[in-house]
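# Coordinates in review
The lines below spell out each chain.
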Amino acid sequence: VGATTLTSAADRRAITGLLEHLRDVAIGIVLEIIHAELAKLTGDGIEGLAQLARLGVNMSLSRVSLSGLDLMSLRQLGVRFLDIDARTIDAGFGVAPAWNEFAQYARSMQFQLVTGHIETEAQSLAAERLARFGYGPFFAPPRRVRIGAGQGEPGARFQAA
């Protein structure tokens, strides 16, 4: 979700209307906002985030930077996931001490850390020290999505004997 959407009263009404109608779905949704975009939000945008948080929507802050990050305020706005770019964690000299301290503090506040854009084994090992989740081309190269994926009814996960 971007700053433009959060500051638009019409967009906020549309989103909150859908989420209020489908409350059981709202708690399973995680909306992503880029850290730099969050910093640009005005009062209307912050209120938009607060409205979504009150509906039970979880947020993920991506492209996290250590500077300008107020974890207490983020928790109150419904941010539960912090997505850190693997290239910022280890520039070839091991995990920076600042990231270790940040990860420890974030986990103590019950944030889930995600490391993204993992491209090398060294980045994977560094990410493993900080985050619970990770993704990137190191694990699997990008590939085409199957035609018709996501359409139709999902298959049953459990069957009775």
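Residues numbered from 1 in each chain as written. Predicted model: local features only at pLDDT ≥ 70, side-chain atom pairs only at ≥ 80, totals over all residues. Heavy atoms only, no water.

## A few points about the nonpolar core
In this structure, Leu 61, Leu 71, Leu 74, Leu 82, Phe 102, Phe 111 and Leu 113 are the most contacted members of the largest nonpolar core, which totals 34 residues. Mapped by element, the contributors of at least two residues to this core are helix H1 (3-7), helix H5 (43-54), strand E2 (58-62), helix H6 (71-76), strand E3 (79-85), helix H8 (97-108) and helix H9 (121-130). Sorting elements by how many residues they give to this core places H8 first, with 4 residues. Not counting chain neighbours up to four residues away, the residues in contact with Leu 82 comprise Leu 61, Val 64, Leu 71, Leu 74, Phe 102, Ala 106, Phe 111, Gln 112, Leu 113 and Val 114. (Core = buried A, V, L, I, M, F, W, Y, C linked by side-chain atoms within 4.5 Å. Buried < 20%, exposed > 50% of the residue type's maximum accessible area, 1.4 Å probe, protein only. Helix = DSSP H or I, 4+ residues; strand = E, 2+ residues; numbered from the N terminus. Contact = heavy atoms within 4.5 Å.)

## Re helix H2 (residues 9-21)
End to end, H2 covers 18 Å across 13 residues, agreeing with the expected 18 Å (1.5 Å per residue, within 8%). Listing the buried residues of H2 in full gives Arg 12, Thr 16 and Leu 19. Buried positions in H2, seen along its axis, are confined to an arc of 60° and lie on one side of it. Seen from the buried face of H2, the exposed residues on the opposite side, beyond 90 degrees, are Arg 13, Leu 18 and His 21. (Expected span 1.5 Å × (residues − 1). Arc of directions from axis to C-beta.)

## Examining the pattern of salt bridges
Taken as a whole and assessed by the stated rule, the structure comprises 3 salt bridges. Notably, a salt bridge pairs Glu 37 with Lys 40, separated by 3.6 Å at the nearest N-O pair. Remark: Lys 40 and Glu 37 occur in helix H4 (residues 35-40); sequence separation between them is 3 residues, near one turn of the helix. Between Arg 54 and Glu 47 there is a salt bridge, and its shortest N-O distance comes to 2.7 Å. (Salt bridge = Lys/Arg side-chain N within 4 Å of Asp/Glu carboxyl O.)

## Looking at H5
An ideal rise of 1.5 Å per residue puts 16 Å on 12 residues; H5 measures up with 16 Å between its terminal C-alpha atoms. Gly 45, Gly 48, Leu 49, Ala 50 and Leu 52 are the residues of H5 that are buried. Buried residues in H5 make contact with H1, H2, strand E1 (30-34), H4 and E2. Looking one or two residues beyond H5, the residue adopting positive phi is Gly 56, at roughly 95°.

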